[in-house]
Every structure is written in structure tokens, then in C-alpha cells.
Amino acid sequence: MKIALAWLLTLMCFTAVAKKKQAAISGTVLDENDKPLTKVSITILGKTTGTVTNDSGTFSIKVPAGKAFALIFSHTGYNEVQKNFYLSDSENENVTIKMERGGKILETITVTDDALRKEAGLVRINPKNAITMPSTVGGIEGLIKTLVGSNNELTSQFSVRGGNYDENLMYINDFEIFRPYLVRSGQQEGLSFINPELAKNVSFYNGGFQAKYGDKMSSVLDIQYKKPKAFGGSAYISLLEQGFHFEGSNKKQNVTYLIGVRNKSNRNLLSSQETVGSYIPSSGDIQAFVTYKVNEKWQLEMLGNVSATKFTFFPQSAQKTTSVFSPLFTANLGLDIAFEGQERDGYSTSMIGLSMLYNPTKKLKLKWMVSRFENKENENFDIAASYLFGDRDFDRSSSTFGQITNPLGAGYYQNYGRNSLDIEVYNATLKGSIDHRKHFIQFGNSIEQTNIIDKLNEWEYQDSAGYSLPYRPPNFNLFKTYNSIASLSVQKFSGYVQDNIRLGSNGKDVTLQAGIRYNYNTQSKQFLLSPRMQVSIKPQWENDVVLKLAAGTYHQPPFYRELRRYDGTLNTQVQAQKSYQFVAGMDYNFAGLGGRPFRLTTEAYYKHMTDVDVYDVENVKIRYAANNNAKAYAAGVEARLFGELVKDAESWFSIGFMRTRENLDNDFYYQYKNAAGEIINAQTADQTPADSIKTNLGWLRRPTDRFLTVGLYLEDYLPTNKNFKVHVSTIYGTNMPFNIPNSVRWRNALIIDPYIRVDIGFSVQLLTEKSQRRSHSPFKNFQNVWASLEVFNIIDKPNTISYQQVKDFSNTIYSIPNRLTPRLVNVKVVARF
């Protein structure tokens, strides 16, 4: 009996010890309007089991006690919420959780709206989280660059499928937006027009876009700003940019407003440039979007923007280095420059747009729009420099380490400019849509007046080894000089009509989109017609696949830069560049790792271009030949995979292969021979040519030619706490050509090395769960607060953007690379309320 009693007591002790400590959490889940949310999934972080809310939005769940854990609240169409707990044994806690509508950074993980999947080249972007991305430019453009590639982290501009920056369209609430034109380098750029905190929907088309979009050849970025239903806002501060915004509506919710203010300074970025000096950049803007709903049929909207950018620079010195490897010799070449002078630039933009919407029936919608857009730009620089060029000593044990020990050349140059540009664009547009059975018809017509006043006064002096270039004694000559005044007044008329037709057995299997666009302007006096068509098919396969085809013509009339020749004069006879494009693609949704949703998109494209206005690119400045004297093509294949490698953490991978070539009219050169048949330099005085050979260049690489582009974005978090996140953004691109000025034979013959850049950001959510804060807390009205540490160019790769050319004492030309930014650190805090 005693033995049995002992065993019983022992068993009870083990049972008590083995019994798990438990607690309970119950509560209610509400949406942003304080209405109960049903079927909200509630799980313990790291576990696969849990519970869901009932029809009243309430729930109850057993949880572990005596240790830290987190509950994850998730619901389709809403931002995920995480709440951390530490409860005692048998403790019961009641909570109220509020969830907000939202989505992924890229709304492409699972696309339930087949209409979006059926458009060629379309990527939908959610701008809400763009501000948290590790990027020197940030915003929407930072996201796009991971998809299309980049070769310059200082600019928000991007190249799409072999096109240049001027071939991209941008709309905000259907108003076309223009960029500054005189900017020469990314360091002069200010804020992008797009304020991501105001944006609701962002649609990016990288080719094959519809007839309703305007007359450019490469891409469309279409942004719609929010119409908020409740008061809210955000504020953020970082070493590069600061800003805040407010949004809300009145009690009747017939008036909504958005107001955003931003300030940006790239001083910390530029202070690490290889050109040492005093950089004083500043950029600020204020935007407002206000709507007034008169009644169920009439609505008024107003979009306004005022921005100003200033760039002041006092250069002091620069040390540039490059290495030369050849079978004959190797050398470390250095260029030491001492500067004097300064640069002062200013760019201001103002825009006002008014819209009136009328919905007489549910099937018919009309929209009248008027707008005024103005860019005022000024460039003022007078910078002189003396330089020494030669072999640089890299022996750390040497007393001359870092110095040029074997001079190969020396000289002096001076750049002077007093340039101004004033562009005014007035626009009046009517657009509408008719939804009738299987047809969705869209139409529009616009009248536009553009006034341009351009003043160019610029020259460059070069002195090499004591001789001014070009050397024509006894005259004193400038190396380059531009001096012109132009005043243009251009009227443009354009319009479109297109029909989306739903075909197939259930009206969803096949979609045909056909339209035509016209354009006429008084400058080129061309009447252009651009038919465009898309077909999408969703086969009745077991796999969720959509097949897409698109074809059309995309003509681009000259605006301003396309008219200016290399020598600064204007050619007002420049005609529109013409492009004929073909796109074939596939969209495939499937279940990947752990049953999580993945999406694969692939597209192949071909663009045939005629009447091409060839150009050179240096940093971000584009210089055109202004003569329509070439034909060109671009062909490639792109694939993008979107998914969650880690649950609730989005990642994507993008890869593209492309070739783009151009063939100029009359692009040939002569090689001269002497009487012995040897190739000679005909410009040398003691050489007399006896014969010559004419060589046609044929197809050449275009300035944007890049065979391989890779973009990768990864997101992860701590397994025990999703409030600690890491974001990695990677861009890689193979080499690109760079033009040697005034050379026919060696056009685009220089090579810019491959571009590779890795940016990483570490984020922590400092403040969550607004409903659980005390009433006297100073943060009681904040939704959340995030803090981020960002490391740009973590691998410290010295990427090249362009070349500076110098001559040695024997008149041989060397190309010295101009580098971009090294490794840099940024700190950011973002709060939303």
C-alpha cells in the first residue's frame, strides 16, 4: 500500500510538471471603419494552426504562457497585423485589432483580377511601402529600376527596352507630367514629381500599351492619387529626404483632400564623389489633390504642384584613376585636377489641373480636363581646371604613393554657360467611356499649346601642353561654342478611340483590345495614325495561364530636345520617330514553396524603328543629331518571378536579354594608303595619300544597348518577430557603349563596365497597436512608426557613368572613367497616423 501510494504521488508530480502552462486571448477584429471583420485568420507566429473570427468579428485562442510570442492577423485585401504578448499562466487578455486595406509592394503575387493579367507589359505597383525600400532615389522609380535595370543611382529616370529617358510617358490623374530638360547629371536632380504617399494606384507599362496613352515609344507610368475617406497622414525624416502629408474628408464625405510637402538634399551622397568640393543641393515641393462631389452625377477635381530645385557647387579638386591592361604593357593611369569657379543651377515646376467628371448613366462616363504646366530652368557655370595626367604610384611603401610620377600630359580647360529654358504647356482634353454588354469603349480628344523660349550661351576652352585647341595660329580658338536664342509656339491635336471586347464562351476566356490614335502638330506638320491591338486568351487548362499578344505603331513627334543639334542650333524640320512593335507574353499563377502563391510573367518583344533621331548620352543629358537619318531595332526577352520565399515576405526576380542597334545614313570613313600600300594618317604633313578605302559602318550598338539585365528584391524577417525586417535590392547589367565625340569611325566604341549594385535596409517597427495605447500617450494617434538603417552599395563597387577624355604630349587620347557613389549609410524614420 505504501509503495502504491508513493507511485501515485510521483505520478501526480510528473503530471503537474508536464502540464503545459496556458493562457487565453480573446477579442474583436475591426476594419478601418470600425466594422467587424469576419474570417480573419489568427495564428501564432511560427505555427500553422490557429483560429478565425466569427460573423461578429470576435475570436478566442489558447496561447502559451510564460514566454514571449506573437499573434498574426491576416485577411485577404488587408495589411497583416502582428501583436506581441507575454502572459502569465491562466491569464486572459482581451484585445481589439484594427486592420487597414492594403497589399503587397508589387501587386503581382496573386492577381485575382484577370483584366490586369491580360494587358501586355503591365506591372501594378502599390506605392504604400515604396518609402521603406533601400534606394538612393526612393519612391516609385526605385521600385521600377529593379524591374527594368539602371546604370545611375543618382537619377530617378530609367531606360525601358532600349529606349532613352525622353521616350517614357508619365501621367498623374490623367494629366501628363514633364521632367526638367537642362539637367546634365544625376547630382543636379531634385525630387521626382510623384509623391508616393499620395498615390493609390500605379500602373507601369513597359511596352505594347493601349491607344489611350500618348505618343512616346517606350513606356507609360500611370498614377492615380487617393481619395481618402478618413483623416490620416504620415511623416518621415532621413539623411536624404524629409516630408509629411495629410489626407481626409468632410463629414458628408463629398469633399476629400490630399496635401504633401517634401524636402530633399543629396549633400551626404555627393560629399563622397570623386570630385571634392562644396555641394549645396536642395529641392522641395508641395502638392495638393482636392475633390468635390456635387451629386451622384457630377464631381470636380483639382491637382496642383509647385516645386523648386537649386544646385550650387564649388569644385576644388579631383583624383581619377584607371588601369590599362594589354599584351604590350600595363599601367595605372591617374588624372589630378585642380578647379576654380562655381556652378549655380535652378529648376522650378508649377502645375495646375482641373477636372470635371459627369456620369449621366452607369454605362457612360465623361471627363473634361484643363491644365497648365510650366518648367523654368537656369544653368550658370564658369569652372576652370588645370590637370596633370600620367602614371600614378600605388606602392604604399613609396614616398610618392598616390602621386603622378611619370607625367604623360598636362593642360587647362574652362567651361562657361549661361543657359535658360522656359516651357509652358496648356492642355484641354475630353475623354470618356461607354460600357455596353461585351464592349468597353474609351475615347478622347485633346488640344495642346506649347510655348518654348530657349537661350543658349555656352563655350569650352581647352589648352593642351600650352597650345589652345584647335591649334590654328595665330588665331585664338575656342574648342566649342554654342550661342542661340529660340522661340517656339506649337499646337498639337491628338485623340483616340479603343474598344475592349470580351469574347469566348463565358465572356472572359478571350479579350480583344483594338484602338487607333491620331496626332498632328504645327511644328512637324505631320498627321500620324497609330493603330494598336492586344489579344489575350485564357485557355481552359488545368494550370492558371493567360497568353497575350500585342502589336501596334508608336510614333514620337519631336518636343524640344530632339530639335537641338550637337552644335546648339535648332532644326525645326525634324520629323516624328516611328516605331512598330510586337509583343508576345504569358502570365502563369502557381503554388510554390509551402503552397504559397507565385507568379511568372514572360514577354518577348521586337521594335522596328525608322526616321530615328540618333543621340548620345552623357550621365543623364541627351544630345540629339536632330536629322532623322537612321533606322534601328530593339529585340529581347524578359521574365519575372514574383512570390514569397518566406511566408508573408515578398520577393521577386527579374531577368532580361536585349539587343538594340542603329544604322545611320552615310556613316562611313576613309582609310588612306601611301604608294607602298601602307595605311597612313592623311592629316600628318609628311604623309601623302596615294589611295583610299571607303568603309561603311552599318549596324552599331545604340547608347542604351545592354545584353543582360538582372534585378532581385528579397524580403525577410526574424522568425520570432515580424517587426524586425530586412530588405535587399540588387541590380546588375552588362556593359554599355559610350560615344567618342566627333568620331564617325569610333561611334559608340567605348565600353562602360558592367553595373552592379546591392542596397540593403534593416527596419524595425517601433510602435504598433494603436488601440492598446494609453489615452495620455503622445503617440496615441499614430498607426505605426518604423525606423530603418540603409546601406547603399554595400559591396562598394565603383560603377562608371561616363568618360572624360584627355590628351597626352603625343596627342594620344585617353579615356578616364567618371565614377558613381561608393558605399554610404542612411537612417530613416517613418510614422503614419
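Basis of the calculations
Residues numbered from 1 in each chain as written. Predicted model: local features only at pLDDT ≥ 70, side-chain atom pairs only at ≥ 80, totals over all residues. Heavy atoms only, no water. Helix = DSSP H or I, 4+ residues; strand = E, 2+ residues; numbered from the N terminus. Contact = heavy atoms within 4.5 Å. Areas by Shrake-Rupley, 256 points an atom, 1.4 Å probe, with all protein chains shown as cover. Polar contact = N/O pair within 3.5 Å; in protein donor to acceptor, adjacent residues only side chain to side chain. Core = buried A, V, L, I, M, F, W, Y, C linked by side-chain atoms within 4.5 Å. Buried < 20%, exposed > 50% of the residue type's maximum accessible area, 1.4 Å probe, protein only. Pairing = 2+ DSSP bridges. Axes fitted to C-alpha atoms, helices over the stretch in contact; angles between N-to-C directions. Salt bridge = Lys/Arg side-chain N within 4 Å of Asp/Glu carboxyl O. pLDDT = per-residue confidence, 0-100. Phe/Tyr/Trp six-rings, centres within 6.5 Å; stacked < 30°, edge-to-face > 60°. Lys NZ or Arg CZ within 6 Å of the ring centre and 35° of its normal.

Draft legend 1. Spotlight on the overall build of the chain. A tally of regular secondary structure across the chain gives four helices and 45 strands. Taking the contacts inside the chain whose residues are at least 6 apart along the sequence as the reference set, 67% of them involve residues at least 24 apart. Surface exposure of the chain reaches about 38500 Å², of which carbon and sulfur atoms provide 57%.

Draft legend 2. The arrangement of the side chain of Arg 757 in detail. Among the secondary structure elements, Arg 757 is positioned in strand E41 (residues 755-767). Here the side chain of Arg 757 touches Glu 153 through a polar contact of 3.3 Å, side chain to side chain. Only 3.3 Å separates the side chain of Arg 757 from the side chain of Asp 759, close enough to count as a polar contact. Setting aside anything within four residues of it in sequence, one finds Arg 757 in contact with Thr 136, Glu 153, Ser 729, Thr 730, Ile 731, Phe 792, Asn 793, Asn 799 and Thr 821.

Draft legend 3. Structural view of the nonpolar core. In terms of nonpolar packing, the biggest core is built from 53 residues, with Ile 144, Ile 172, Phe 204, Leu 221, Ile 223 and Tyr 225 touching the most fellow members. If one sorts the elements of this core by residue count, helix H3 (residues 139-148) sits on top with five residues. Each residue touching Ile 172, except ones within four places of it in the same chain, is listed here: Ile 177, Phe 193, Ile 194, Ile 223, Tyr 225 and Leu 303.

Draft legend 4. Highlighting the sheet that holds strand E6 (residues 81-86). Taken together, the four strands give an open sheet; going across it, the order is E3-E2-E5-E6, and neighbouring strands pair in antiparallel fashion. This sheet does not close on itself; its edge strands, each paired only once, are strand E3 (50-52) and E6. Taking each pair of neighbouring strands and ignoring which way they run, the sheet shows an average axis angle of 20 degrees. Note: strand E2 (residues 41-44) against strand E5 (residues 68-74), four bridges, orientation antiparallel. Bridge assignment links Ile 42 to a residue of E5, and that residue is Phe 73.

Draft legend 5. Main features of unusual backbone geometry. Not every positive phi belongs to a glycine, and Lys 39 is a case in point at roughly 60 degrees. Locating Lys 39 in the fold gives a position in the loop between strand E1 (22-30) and E2. Residue classification places Lys 39 among the exposed residues on the basis of a relative accessible area of 67%. Look at Gln 253: it is not a glycine, yet its phi comes out positive at around 60 degrees. One can find Gln 253 in the loop between strand E14 (241-249) and strand E15 (255-264). Judged by relative accessible area, which is 42%, Gln 253 ranks as partly exposed.

Draft legend 6. The pattern of salt bridges, seen in detail. Here the structure, examined in full by the defined rule, presents 35 salt bridges. A salt bridge links Lys 226 to Glu 247, with the shortest nitrogen-to-oxygen separation between them at 2.7 Å. Here Lys 226, found in the loop between strand E12 (219-225) and strand E13 (232-238), pairs with Glu 247, found in strand E14; they are 21 residues apart in sequence, far enough to count as distant. One network of salt bridges, in which partners are shared, links Arg 372, Glu 374, Lys 376, Asp 422 and Glu 424.

Draft legend 7. Spatial organisation of the pairing of E15. Every second residue of E15 is oriented toward a common face, the buried set being Thr 256, Leu 258, Gly 260, Arg 262 and Lys 264 and the non-buried set Val 255, Tyr 257, Ile 259, Val 261 and Asn 263. Summarising the sheet, E14 and E15 pair through nine bridges and their orientation is antiparallel. Across the sheet, residue Gly 248 finds its bridge partner in E15, namely Tyr 257. The antiparallel hairpin formed by E14 and E15 contains five residues in its connecting segment, where Gln 253 sits at a positive phi of about 60 degrees. In this sheet, strand E16 (residues 275-293) lies alongside E15 in antiparallel orientation, the contact comprising ten bridges.

Draft legend 8. Inspection of the confidence of the model for the chain at higher detail. Mean pLDDT over the chain stands at 85; residues scoring 70 or higher make up 90%. Segment residues 1-19: pLDDT under 50, and zero contacts once partners within four positions in sequence are set aside and those in other chains are kept. Every residue in residues 103-112 is under pLDDT 50, and counting partners more than four places away or in other chains gives 44 contacts.

Draft legend 9. Molecular detail of the environment of Ser 371. The residue Ser 371 is located in strand E19 (residues 364-392) in this model. On the basis of relative accessible area, Ser 371 is assigned to the buried category, the value being 18%. Considered as a pair, Ser 371 and Gly 353 are 18 residues apart in the sequence and their alpha carbons are 4.1 Å apart. Setting aside anything within four residues of it in sequence, one finds Ser 371 in contact with Phe 175, Ile 352, Gly 353, Val 425, Tyr 426 and Asn 427.

Draft legend 10. Geometry of the sheet that holds strand E4 (residues 58-64). The three strands lie next to each other as E4-E1-E7, forming an open sheet whose pairing is mixed. At either margin of the open sheet sits one strand with a lone partner, and together these are E4 and strand E7 (92-98). Along the sheet, successive strands turn relative to each other by an average axial angle of 25 degrees, direction set aside. Relative to E7, E1 runs parallel, the two sharing seven bridges. Its bridge partner lying in E7, Ile 25 is registered against Glu 93.

Draft legend 11. Structural context of the pairing of strand E26 (residues 544-556). Pairing of strand E25 (residues 527-537) with E26, which is carried by six bridges, proceeds in the antiparallel orientation. Bridging from a neighbouring strand, Met 533 pairs with Ala 551 of E26. Hairpin connection from E25 to E26: six residues lie between these consecutive antiparallel strands. Across 13 bridges, the pairing between E26 and strand E27 (residues 577-591) is antiparallel. By the bridge assignment for E27, Leu 547 is matched with Met 586.

Draft legend 12. The environment of Gln 316, seen in detail. Structurally, Gln 316 can be placed in strand E17 (residues 298-325). For the pair Gln 316 and Phe 339, spaced 23 residues apart in sequence, the C-alpha separation works out to 4.9 Å. Setting aside chain neighbours within four positions, we find Gln 316 in contact with Val 276, Gly 277, Ile 337, Ala 338 and Phe 339.

Draft legend 13. Quick look at the packing of aromatic side chains. Applying the stated rule across the entire model yields 31 aromatic pairs. On the basis of an interplanar angle of 50 degrees and a centroid distance of 5.2 Å, the ring pair of Tyr 205 and Tyr 213 is categorised as tilted. For the pair Tyr 205 and Tyr 213, one class covers both residues: buried. A cation over a ring is seen here: Lys 83 above Phe 85, with NZ or CZ 5.1 Å from the ring centre.

Draft legend 14. Quick peek at H3. Within H3, ten of the ten residues are buried, leaving the element largely enclosed by the surrounding structure. Buried within H3 are the following residues: Gly 139, Ile 140, Glu 141, Gly 142, Leu 143, Ile 144, Lys 145, Thr 146, Leu 147 and Val 148. Once H3 finishes, Gly 149 follows within two positions and takes phi at roughly 90 degrees, a positive value.

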